[in-house]
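Secondary and tertiary structure notes
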Amino acid sequence: MKTPSRLLACFALLIAATTACASADVQRGQYLATLGDCAACHTSRNGQPFAGGSVVPTPFGAIPAPNLTPDRETGLGQWSADDFYRAMHSGVAHDGTSLYPAFPFTSYTKVTRADTDAIYAYLRSLPAVRSADTPNTLRWPYRMRSLMGAWRTLYFDEGEYAADPKRSATWNRGAYLVQGLGHCNECHARRNSFGAMVQEPFLAGGVVPVQNWYAPDLSMGPHGGLAGWTEADVVSLLKTGRSAKGTAAGPMAEVVMRSTQHLNDDDLKAMATYLKSLPDREPQRQRESAVGARDLALRGQKVYAQQCAGCHADNGRGKGDAYPSLDGNVSVTDPTGINAIRSVLSGGFAPVTQDNPRPYSMPPFAQKLTDDDAAAVVTYIRQAWSNKATAVSPADVRAYRSAPGG
């Protein structure tokens, strides 16, 4: 028979082991929440982490991101692990209502129960913050949650990620992260008129709703948005915000700053391995060039020489790590011209990362260039050197100068 002292010692060891296990779950959950970039939506400017208060803009109206701290009245305090898994996996809230797909359950459904439980454990470890809900501003009829039933039937495929036995463990890890918690397709896809992602071809690029940036096609094969990129280029961009092929800007800069720079190297390499395997794309049909595009490009060459060549060089290849190459840059040659226009008007601001703590930035030229001059220089860089993209017009510049997110 064990003595009381030995029983107490065993009990203490059991408590220590349980505490260590719980601590490990919390740490893993924190990493996974960072991977999913959860704080980007669920933390307001200057607000408490994960206490909500920010709004997610959509073409149908704004949806407030809820409080994820364990406050019993306004947060997840009354949610069980099962409730949280149902929200992530099925898009259904604690009270049984259907969640709007501004919360990307369409991707999070692929996350495993173990990973979901770890995220839940991390959120439960946060200080409880009381944060009153704010109503959404969805227009009628989109505010009617009853319509979500039909939407889910048409556009939601529920189910955890299933590993492909024909692929390596690295490839499967990358596919799991990209398709699931990383929810890359939520930006890098076109949307139909009901806000659903166009899944085929997968990760084929699209305009980010309301924010007015173009998230490029992520195929690295011929005619893909990242054609000519290596896996090392992808890892470098996700880790530092820059690579030999381009610099993260706009919404992607925030993703790098808040999320991907903090991922371990194995996960970054896995994501790059998966992206490398995306199928080649068909050549894109180019839109008709603007009337007078040749004259516009000639005018743009002069603007480039005056305003841009000092940093990006006459040959468009940039200068070292400070000033990125424009020749073959995916942000220059995207099918829409949006990113190049936005960068010229609003400037280019790379994210601050641990490996690039003092990035160089490009000043905005919105006050310096007319719509005609901005269209001219964007047209020039999209058609100079090895670039073969179509022209943009002064009307395009005007549209994005005044558009939301501009």
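This text follows the structure it describes.
Here's what I pulled together on the structure shown here. Predicted, not measured: the structure shown is a model, and the values here were computed from it.

**Section: the overall build of the protein**
Each helix and strand counted, the protein has 16 helices and eight strands in total. Scaling as 2.2 N^0.38, a compact globule of 406 residues should have a C-alpha radius of gyration of about 22 Å, and the protein matches this with 24 Å. Principal-axis analysis of the C-alpha atoms gives the protein an extent of 95 × 50 × 45 Å. For the protein, buried positions account for 47% of its 406 residues. In the form shown here, the protein has an accessible surface area of approximately 20,800 Å², with 56% of it arising from carbon and sulfur atoms. Counting 40 positive and 36 negative side-chain charges, the protein places the averaged centre of each group 3 Å from the other.

**Describing the packing of helix α11 (residues 293–307) against helix α15 (residues 371–383)**
Between α11 and α15, the shortest axis-to-axis distance is 7 Å and the interhelical angle comes to 95°. In terms of axis orientation, α11 runs roughly perpendicular to α15. For the pair α11 and α15, contact is made by A293, L296, A297, R299, G300, Q301, V303 and Y304 and by D372, D373, A375, A376, V377, T379, Y380, I381 and Q383, respectively.

**Observations concerning the pattern of salt bridges**
Close approach of charged atoms allows side chains with opposite charge to pair. Counted under the stated rule, the structure contains ten salt bridges. For R191, the salt bridge is made with E186, and the minimal N-O distance between the two is 3.1 Å. For R398, the salt bridge is made with D371, and the minimal N-O distance between the two is 3.9 Å. Here D371 lies in helix α15 and R398 lies in helix α16 (residues 394–402), a separation of 27 residues in the sequence. Residue classification places R398 among the partly exposed residues on the basis of a relative accessible area of 43%. One continuous salt-bridge network, built from bridges that share partners, spans D82, R113 and D117.

**Focus on the state of the cysteines**
Scanning all chains against the criterion turns up zero disulfides. With no disulfide of its own, C38 lies 8.7 Å from the sulfur of C41, the closest cysteine sulfur. Take C187: it sits in no disulfide, and the sulfur closest to it among the cysteines is that of C184, at 8.8 Å. Look at C187 and you get partly exposed, because its relative accessible area is 32%.

**A closer look at the nonpolar core**
One finds L123, L181, L203, V234, Y274 and L275 to be the most contacted residues of the largest nonpolar core, which totals 57 residues. Within the residue set of this core, elements represented by two or more residues are α1 (4–35), α3 (81–90), α4 (105–108), α5 (113–124), α6 (148–155), α7 (169–181), α8 (231–240) and α10 (265–276). Sorting elements by how many residues they give to this core places α7 first, with six residues. In terms of nonpolar packing, the next biggest core, distinct from the first, is built from 23 residues, I341, L345, F365 and A384 among them.

**A few points about the pairing of strand β1 (residues 55–58)**
Side-chain alternation along β1 places V56 and T58 on a buried face and V55 and P57 on a face that remains uncovered. Where β1 and strand β2 (residues 61–64) come together, four bridges link them in antiparallel fashion. Counted as the bridge partner of V55 is P64 from β2. Linkage of β1 to β2, two consecutive antiparallel strands, is achieved through a turn of two residues.

**Side note on helix α14 (residues 338–346)**
Here α14 lies mainly inside the structure; eight of its nine residues are buried. All buried positions along α14 are accounted for by I338, N339, A340, I341, R342, S343, V344 and L345. Backbone geometry just downstream of α14 places G347 in the positive-phi region, at approximately 90°.

**Points about α3**
Of all ten residues in α3, seven are buried; the element is thus mostly enclosed. The complete set of buried residues in α3 reads D83, F84, Y85, A87, M88, H89 and S90. Where the residues of α3 are buried, they touch α4, α5, α6 and α7. Where α3 terminates, the next one or two residues include G91, which has phi positive at roughly 70°.

**Side note on unusual backbone geometry**
Residue W140 is joined to P141 through a cis peptide bond whose omega torsion reads 10°. Here the amide bond leading from E200 into P201 is cis, since omega sits at -5°, within 30 degrees of zero. As for its position among the elements, P201 is in the loop between α7 and β3 (206–207). For F50, which is not glycine, the phi torsion reads 65° and is therefore positive. With respect to the helices and strands, the residue F50 is situated in the loop between α2 (38–42) and β1. According to the relative accessible area criterion, F50 is buried, its value standing at 7%. One non-glycine residue with positive phi stands out, namely H223, at about 70°. Relative to the assigned elements, H223 resides in the loop between β4 (214–215) and α8.

Calculation notes
Residues numbered from 1 in each chain as written. Predicted model: local features only at pLDDT ≥ 70, side-chain atom pairs only at ≥ 80, totals over all residues. Heavy atoms only, no water. Helix = DSSP H or I, 4+ residues; strand = E, 2+ residues; numbered from the N terminus. Rg over C-alpha atoms; globule rule 2.2 N^0.38 Å. Buried < 20%, exposed > 50% of the residue type's maximum accessible area, 1.4 Å probe, protein only. Areas by Shrake-Rupley, 256 points an atom, 1.4 Å probe, with all protein chains shown as cover. Lys, Arg positive; Asp, Glu negative; His and termini not counted. Charge placed at Lys NZ, Arg CZ, Asp CG, Glu CD. Axes fitted to C-alpha atoms, helices over the stretch in contact; angles between N-to-C directions. Parallel < 35°, antiparallel > 145°, perpendicular 65-115°, else oblique. Contact = heavy atoms within 4.5 Å. Salt bridge = Lys/Arg side-chain N within 4 Å of Asp/Glu carboxyl O. Disulfide = S-S within 2.5 Å. Core = buried A, V, L, I, M, F, W, Y, C linked by side-chain atoms within 4.5 Å. Pairing = 2+ DSSP bridges.

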